[in-house]
Structure formats: C-alpha cells, structure tokens
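Spelled out, the chains give:
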Amino acid sequence: MPVPAIAGLLGDEAEVFMPKELRKPFVKPNTHCWSATSDLYVGCKGGQLLSINPETQIVTVLSPMDWQTADESPRGIDMKGSINTVALYKDGLYLAGSEGILWSCSIKGSECKLEKCWDAKEPIESIAFSSDYRTLSIATSKGSVYIYKPKNSQDPFQILNAYNKGLIGVDFLTNGSNYCMV
C-alpha cells in the first residue's frame with residue numbers, strides 16, 4: 001500500500017507527502033566568503049560546502065562524502081562536524097570547524113580537492129588571512145590564537161592562550177604586522 005494512503009491523504013497532499021524518516025536534512029549555512037570571481041562559498045553546520053554562482057543562481061553542493069577520497073585519512077570530514085569558518089586564499093579556500101582540523105580546499109569548476117593541514121585538537125572558530133596572504137590567523141573555541149604560514153610545512157605557532165571561551169575571532173590589521181582580536 002502506498003505511504004500517502006497509509007497516512008490517509010488524498011489529492012495534492014498525497015502527491016507531495018514524504019514521511020519524516022525519508023526526508024533529507026536541510027543544509028544549515030554557518031559561514032561564507034566571496035571568491036575573486038564573485039562566487040559565494042557557504043560552509044554549513046553539517047559539514048557541507050556550497051558553491052553559489054550569483055549570476056546564474058546555480059548551487060553546487062560539495063558534500064563530505066565527495067571529499068573522503070581526496071584526503072589521505074580514511075574519515076575525511078566528519079559528518080557530525082560543522083564548517084565554522086572559511087577564508088579565501090589565492091589557490092582556493094581554507095576551512096575549519098568543530099572537528100578542529102584546518103583544511104586547504106582547491107576548487108576547479110565543480111571539483112574540489114581537500115588536504116588536511118593541521119589538527120588543533122579543539123574546535124576552530126575563526127580563520128583570517130593577512131592582506132598579502134602569507135599568514136593565516138586561527139582562533140579556537142578555548143581562546144588559543146595561532147599563526148599559520150601556508151607556504152611553510154610547519155605547524156602553526158601559538159601567540160596567545162587566553163583560556164577564554166568568549167573569543168569570537170581574530171584578524172589582521174591592514175598592514176599585516178599586527179593582530180586584532182574580538
């Protein structure tokens with residue numbers, strides 16, 4: 001017997017009825033950034049990354065399942081994780097979130113390649129590049145602030161450990177030699 005008939009629905013309601021257990025979850029936007037080509041990248045609480053072309057209104061969803069093959073680790077991005085922050089880079093994006101891992105994401109058309117850069121071992125709340133793209137600031141949920149240089153293969157170095165859960169974000173001042181923290 002069809003599911004709408006079991007639910008006792010007729011007509012138009014029966015045609016669009018979807019049982020709760022068969023519904024797909026909605027994406028929940030959490031952060032965004034604009035690319036140099038005016039594309040909008042949106043990080044979501046479920047770990048999805050959306051690419052939106054504002055002119056054509058075409059949305060491309062790059063799901064965590066698509067990224068698992070691009071990473072050397074078997075788990076890729078945790079499905080329970082959230083993308084809390086994204087930062088535009090010359091060669092793509094950097095993204096991080098509740099799982100505490102900093103990722104480098106290269107996007108070519110509708111394909112993306114994800115590379116694990118560093119594990120903070122605590123949720124990352126904010127990342128931002130200096131104006132010359134040489135340095136990335138990283139703020140964690142526990143109040144630690146790190147500086148990461150993408151061209152070096154070294155781990156980020158810690159510049160502050162405030163032990164404060166109220167840290168919202170860090171950024172560089174325009175000259176790139178000072179930091180700003182909120």
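Residues numbered from 1 in each chain as written. Predicted model: local features only at pLDDT ≥ 70, side-chain atom pairs only at ≥ 80, totals over all residues. Heavy atoms only, no water.

Enquirer: Looking at this structure, I do not really get the overall build of the protein chain. What am I missing?
Expert: The secondary structure content of the protein chain amounts to 3 helices and 14 strands. The buried share of the protein chain, reckoned over its 182 residues, is 41%. (Helix = DSSP H or I, 4+ residues; strand = E, 2+ residues; numbered from the N terminus. Buried < 20%, exposed > 50% of the residue type's maximum accessible area, 1.4 Å probe, protein only.)

Enquirer: How should I be thinking about the environment of Val42 in this particular structure?
Expert: Following the sequence through the fold, Val42 ends up in strand β2 (residues 40-44). Expressed as a C-alpha distance, the spacing of Val42 and Pro29, which sit 13 residues apart in the sequence, is 6.3 Å. The residues contacting Val42, other than those within four sequence positions of it, are Pro29, Thr31, His32, Gln48, Leu49, Leu50 and Ile52. (Contact = heavy atoms within 4.5 Å.)

Enquirer: In this structure, what is going on with the pairing of strand β1 (residues 29-34)? I would like to understand it.
Expert: A regular strand places its side chains so that they alternate between the two faces of the sheet. Looking at chain direction, β1 and β2 are connected through 5 bridges and run antiparallel. Bridging across to β2, Pro29 finds its partner in Cys44. Between the antiparallel neighbours β1 and β2 lie 5 residues, among them Ser38 with a positive phi of about 70°. (Pairing = 2+ DSSP bridges.)

Enquirer: What exactly am I supposed to notice about the sheet that holds strand β5 (residues 83-89) here?
Expert: Spatially, the 4 strands line up as an open sheet ordered β5-β6-β7-β8, and their pairing is antiparallel. Edge positions in the sheet fall to β5 and β8 (111-119), since each of these pairs with one other strand and no more. For this sheet, the mean inter-axis angle between neighbouring strands, taken without regard to orientation, is 25°. (Axes fitted to C-alpha atoms, helices over the stretch in contact; angles between N-to-C directions.)

Enquirer: Is there a simple way to think about the pattern of salt bridges in this case?
Expert: A side chain of one charge can pair with a side chain of the opposite charge when the charged atoms of the two come close. Throughout the structure, instances matching the rule amount to 1 salt bridge. The salt bridge partner of Arg134 is Asp132, with a shortest N-O separation of 3.8 Å. Looking at Asp132, the relative accessible area reads 37%, which means it is partly exposed. (Salt bridge = Lys/Arg side-chain N within 4 Å of Asp/Glu carboxyl O.)

Enquirer: Is there a simple way to explain the confidence of the model for the protein chain in this structure?
Expert: Should the pLDDT be low somewhere, the predicted coordinates at that spot are not to be read in detail. Per-chain confidence: the protein chain averages 79 in pLDDT, with 79% of residues scoring 70 or above. Between residues 64-79, whose pLDDT stays under 50, and residues either more than four places distant or in other chains, the model counts 33 contacts. (pLDDT = per-residue confidence, 0-100.)

Enquirer: How should the packing of aromatic side chains be read in this particular structure?
Expert: How two aromatic rings sit relative to each other is set out by the distance from centre to centre and by the angle between their planes. Considering all chains together, one arrives at 7 aromatic pairs under this definition. Measuring from ring centre to ring centre gives 5.4 Å for Tyr94 and Phe129, while their planes differ by 70°; the resulting arrangement is edge-to-face. One end of the pair, Tyr94, is in strand β6 (residues 92-97); the other, Phe129, is in strand β9 (residues 124-129), with 35 residues separating them in the sequence. Neither Tyr94 nor Phe129 differs from the other in exposure class; each is buried. An angle of 65° between the planes, with centres 4.8 Å apart, marks the rings of Trp118 and Tyr146 as edge-to-face. (Phe/Tyr/Trp six-rings, centres within 6.5 Å; stacked < 30°, edge-to-face > 60°.)

Enquirer: How should I be thinking about the sheet that holds β1 in this particular structure?
Expert: In sheet architecture, strand pairing relies on hydrogen bonds along the backbone and comes in two forms, parallel and antiparallel. One open sheet accounts for 4 strands, arranged β1-β2-β3-β4; its pairing is antiparallel. Of all the strands in the sheet, the pair left with one neighbour each is β1 and β4 (58-62). Averaged over all neighbouring strand pairs, the angle between strand axes comes to 20°, with direction disregarded.

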